[in-house]
Structures are given as structure tokens and as C-alpha cells.
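Chain and residue survey
Chain by chain, the residues:
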Amino acid sequence: DRLFAEVVAPNPDDRYIPSVDRLFEAVAKAMGLRSIGVVLTGMGDDGAKGAQALKDRQARVFIESPETAVIYGMPGAVERVGAFDEILPLRLVGARVCEEVGVDSSGEPSA
């Protein structure tokens, strides 16, 4: 199966444009538990509904910690709804995602 991205017009009920919720919901639908969501610093609550959609499909979701996030709005919203697996400082997010998919930081398969 091949994945592709398509740019579509916003829905009238979209609170944020572009919308992390719409992105995560589409990924959850297409990839299910083979997905990983990462929510970093940002204002508002965009991403919380989408992160829940990912978790509903058994995907992994990581959020940036309040100690490193410039604005903890988006990660905090995901934390409040409980739709995450781990809270990580920014410096550990990339390594954690690599670990989750089984590659080292250079992109080579992990032993």
C-alpha cells in the first residue's frame, strides 16, 4: 500500500488551520497502530482530539514536557485528555521515536 497526502479545503468547523487534529485523525484512520504522534510546543488545544484518535487505534503518542515547551498549550491539552504514552523533554523526543521504530539516530536498524 502506498500513502499520499492531499491538500484539501478546511472544514467549516475546523478551529485551527492547518489542523493537527485533522492530520492525526487521518493518520489514525490510514495507519492505525503503526502510527506515532508527537505533539510539541504550541498554543491552543489543537492535537488533543487527534491524539485521542491515534490512541483509540493503539498508536503511540509522545508529548513534549512543560520544562522544555515554550508554550505548553498543545502538549498540555493532550496531557489533560490522557491521550499520550510518554512526556519527554525535547532533547529526547527524536531518540525515543527512533527507538520506537527500531532505528538508531543515524537511521540504521537497531541491533
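The structure reproduced in this document is the subject of the present report.

**Quick word on the side chain of D14**
Among the secondary structure elements, D14 is positioned in the segment before α1 (20–31). Side chain to side chain, D14 and R22 meet in a polar contact 2.9 Å long.

**Topic: the pattern of salt bridges**
In the structure shown here, the tally under the stated rule is nine salt bridges. Across the salt bridge formed by R22 and D14, the nearest N and O atoms sit 2.9 Å from each other. Residue R22 is classed as partly exposed on the basis of its relative accessible area, which comes to 27%. Accessibility expressed as a relative area gives 18% for D14, which makes it buried. Its salt-bridge partner being E100, residue R60 comes within 3.3 Å of it at the nearest N-O pair. With R60 in strand β2 (residues 60–64) and E100 in helix α4 (residues 90–101), this pair connects stretches of sequence that are 40 residues apart. A relative accessible area of 24% places R60 in the partly exposed class. The exposure class assigned to E100 is partly exposed, which follows from its relative accessible area of 31%. Three or more residues joined by partner-sharing salt bridges are found here, namely K55, R60, D85, E86, R96, E99 and E100.

Thresholds, definitions, all that
- Residues numbered from 1 in each chain as written.
- Predicted model: local features only at pLDDT ≥ 70, side-chain atom pairs only at ≥ 80, totals over all residues.
- Heavy atoms only, no water.
- Helix = DSSP H or I, 4+ residues; strand = E, 2+ residues; numbered from the N terminus.
- Polar contact = N/O pair within 3.5 Å; in protein donor to acceptor, adjacent residues only side chain to side chain.
- Salt bridge = Lys/Arg side-chain N within 4 Å of Asp/Glu carboxyl O.
- Buried < 20%, exposed > 50% of the residue type's maximum accessible area, 1.4 Å probe, protein only.

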